[in-house]
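Structure at a glance
Each chain is listed here by its residues.
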Amino acid sequence: RDLHSFPTRRSSDLLQVMTSSTNHKILRKAIFPVAGLGSRFLPATKASPKEMMPVVDKPLIQYAVEEAVSAGITEMIFVTGRAKRAIADHFDKAYELEHQLEKSGKRELLEIAQGVVPKGVSCTYIRQTEALGLGHAVLTAAHLIGDEPFAVLLADDLIHCEVSALKQMAEQHNFYGSSVVAVQQVSGAAISAYGVISGVQQGDRLYLLDGIVEKPKVKDAPSDMGVTGRYIFSPQIFEHLRALKPGAGGEYQLTDAIQMLLMQEQVIAYEFHGTRYDCGSKLGLLRANIELGLEHPEIGNELRVFLKNELFQKLQ
Ligand code: G1P
């Protein structure tokens, strides 16, 4: 599909395999910006983080961490803020709980509790003391990343698929050696809630980016391809994050740093396989709960019967 995009590249501008040794370092680290207030979910988020809201039986942030693990990432860096302690507690060892479960012979539950952080995975927490935007949040973790590529995952975006979206992106990153942003088609006016790309399709699901803009008005949107909350960056992004000026909504926007990065080096947009739930919205979170609930081994069948026999009747 061709994007109805503005300035198109010349056909000679094809995707290159980038050869810098930095870009081809193994992807080991991920940043999870989790400092947001979650005000759309008040009062649920008054004293607890929105990232801890469950989809069926697992908090959103754990889905994101599992996705990072599936892409081979072992160092998780959480950029946190006020009232986010529950996230650190969740990924900590729960001695008392484990002891109780062991004593009462609840082996399966014990394994679930112990499996929250897989072996070999480390978690680091750093505070973003001011809510200055996503670009600022990512920059806050710069000293923990150093000179290597890294991923950014927004836990609000829950992506459900067989091969995780980040793993799909990591394959592209490993091949081309360039930064990769996840995109999906967004219909109608909703596009103005996203970072929106322009670029040229270069193969199955791949676009060579030539522009990106944060939350444009519908009439100004360069295409119908919106950025989803998954990114893999080369460390060069930091120099652009440092140079950022306030953008859309007065915030330091990651999108604006990507726009500067793509003028310096190749950036790819990748249209991932999978269903994305916008769990930053009430409806999105409910949809995720229903759809993942239907697949859940413990409650799937009963939920299906309930939806079909009871709920469906009420909706007639
Ligand atoms: C952020 C990004 C935006 C992206 C979106 C995906 O916006 O700034 O570019 O499209 O995440 O969920 P937010 O939803 O935090 O306003």
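All of these numbers come straight from a predicted model, not from anything done at the bench.

Here the idea is simple: oppositely charged side chains can pair when their charged atoms come close. By the definition in use, this model includes twelve salt bridges. A salt bridge links Lys29 to Glu148; its shortest N-O distance comes to 3.5 Å. Note that Lys29 is positioned in strand S1 (residues 29-33) and Glu148 in the loop between helix H6 (142-145) and strand S6 (150-153), a separation of 119 residues in sequence. Given the relative accessible area of 10%, Glu148 is considered buried. Note that Glu291 and Arg287 form a salt bridge whose closest N and O atoms lie 3.3 Å from each other. You can see Glu291 and its partner Arg287 sitting in helix H10 (residues 282-294), four residues apart, about one turn around the helix.

Let us now look at the site of the ligand. What surrounds the ligand is a group of 13 residues, the closest being Asp157, Gly195, Glu214, Lys215 and Val227. Asp157 is positioned with one of its side-chain polar atoms (N or O) 2.8 Å from an oxygen atom of the ligand. Gly195 has a polar backbone atom sitting 3.0 Å from an oxygen atom of the ligand. Given that more than half its atoms are within 2 Å of the pocket grid, the ligand belongs to the largest pocket. The element best represented in the shell around the ligand is strand S11 (residues 225-233), accounting for three residues. The class makeup of the residues in the shell around the ligand is five nonpolar, four polar and four charged.

The biggest cluster of nonpolar side chains holds 34 residues, and the ones touching the most others in it are Phe32, Phe78 and Leu166. Elements supplying a minimum of two residues to this core: S1, helix H1 (60-70), strand S4 (75-80), S6, helix H7 (165-176), strand S8 (179-185), strand S10 (206-214) and strand S12 (267-271). The greatest single-element share of this core, amounting to five residues, is contributed by H7. The next biggest cluster of nonpolar side chains, apart from the first, holds 33 residues, and it includes Ala142, Leu154, Ile237 and Ala269.

Here Lys282 lies in helix H10. The exposed category is assigned to Lys282, whose relative accessible area is 53%. Between the C-alpha atoms of Lys282 and Gly135, which are 147 residues apart in sequence, the distance is 25 Å. In this structure Lys282 touches Arg40 and Phe41, once residues within four positions along its chain are discounted. At 3.4 Å, the side chain of Lys282 and the backbone oxygen of Arg40 are in polar contact.

Turning our eyes to something else, we now look at the packing of aromatic side chains. Across all of its chains, the model carries seven aromatic pairs by this definition. An aromatic cluster of at least three residues, connected via ring pairs, comprises Phe32, Phe78, Phe91 and Tyr125. Sitting over the ring of Tyr63, Lys58 keeps its end group 4.8 Å from the ring centre.

On to unusual backbone geometry. Leu42 connects to Pro43 through a cis peptide bond whose omega is 10 degrees. Mapped onto the secondary structure, Pro43 falls in the loop between S1 and strand S2 (54-55). Positive phi, close to 45 degrees, is recorded for Lys215, a residue that is not glycine. Relative to the assigned elements, Lys215 resides in the loop between S10 and S11. Using a relative accessible area of 45% as the deciding quantity, one classes Lys215 as partly exposed.

Take the confidence of the model for the chain next. Mean pLDDT for the chain: 91, with 95% of residues reaching 70 or above. Contacts for the low-pLDDT stretch residues 1-12, under 50 throughout, to residues beyond four places or in other chains number 29 contacts.

Attention now moves to the state of the cysteines. In a disulfide, the sulfur atoms of two cysteines are held together by a covalent bond. Taken as a whole and assessed by the stated rule, the structure comprises zero disulfides. Cys161 carries a free sulfur, and the closest cysteine sulfur to it, the one in Cys279, is 13 Å from it. The class for Cys161 is partly exposed, based on a relative accessible area of 24%.

Another aspect to go through is the environment of His296. Inspection of the secondary structure assignment puts His296 in the loop between H10 and helix H11 (300-315). His296 gets classed as buried once you look at its relative accessible area, which sits at 16%. The spatial distance from the C-alpha of His296 to the C-alpha of Asp57 is 9.6 Å, given a sequence separation of 239 residues. Excluding its chain neighbours within four sequence positions, the residues that come into contact with His296 are Val56 and Asp57.

Rules behind the numbers
Residues numbered from 1 in each chain as written. Predicted model: local features only at pLDDT ≥ 70, side-chain atom pairs only at ≥ 80, totals over all residues. Heavy atoms only, no water. Salt bridge = Lys/Arg side-chain N within 4 Å of Asp/Glu carboxyl O. Helix = DSSP H or I, 4+ residues; strand = E, 2+ residues; numbered from the N terminus. Buried < 20%, exposed > 50% of the residue type's maximum accessible area, 1.4 Å probe, protein only. Near = heavy atom within 4 Å. Polar contact = N/O pair within 3.5 Å; in protein donor to acceptor, adjacent residues only side chain to side chain. 1 Å grid on protein atoms, 1.4 Å probe; cavity = no way out; pocket = protein on both sides within 12 Å on 5 of 7 lines; lining within 4 Å. Sits in = over half its atoms within 2 Å of the grid points. Nonpolar A, V, L, I, M, F, W, Y, C, P; charged D, E, K, R; others polar. Core = buried A, V, L, I, M, F, W, Y, C linked by side-chain atoms within 4.5 Å. Contact = heavy atoms within 4.5 Å. Phe/Tyr/Trp six-rings, centres within 6.5 Å; stacked < 30°, edge-to-face > 60°. Lys NZ or Arg CZ within 6 Å of the ring centre and 35° of its normal. pLDDT = per-residue confidence, 0-100. Disulfide = S-S within 2.5 Å.

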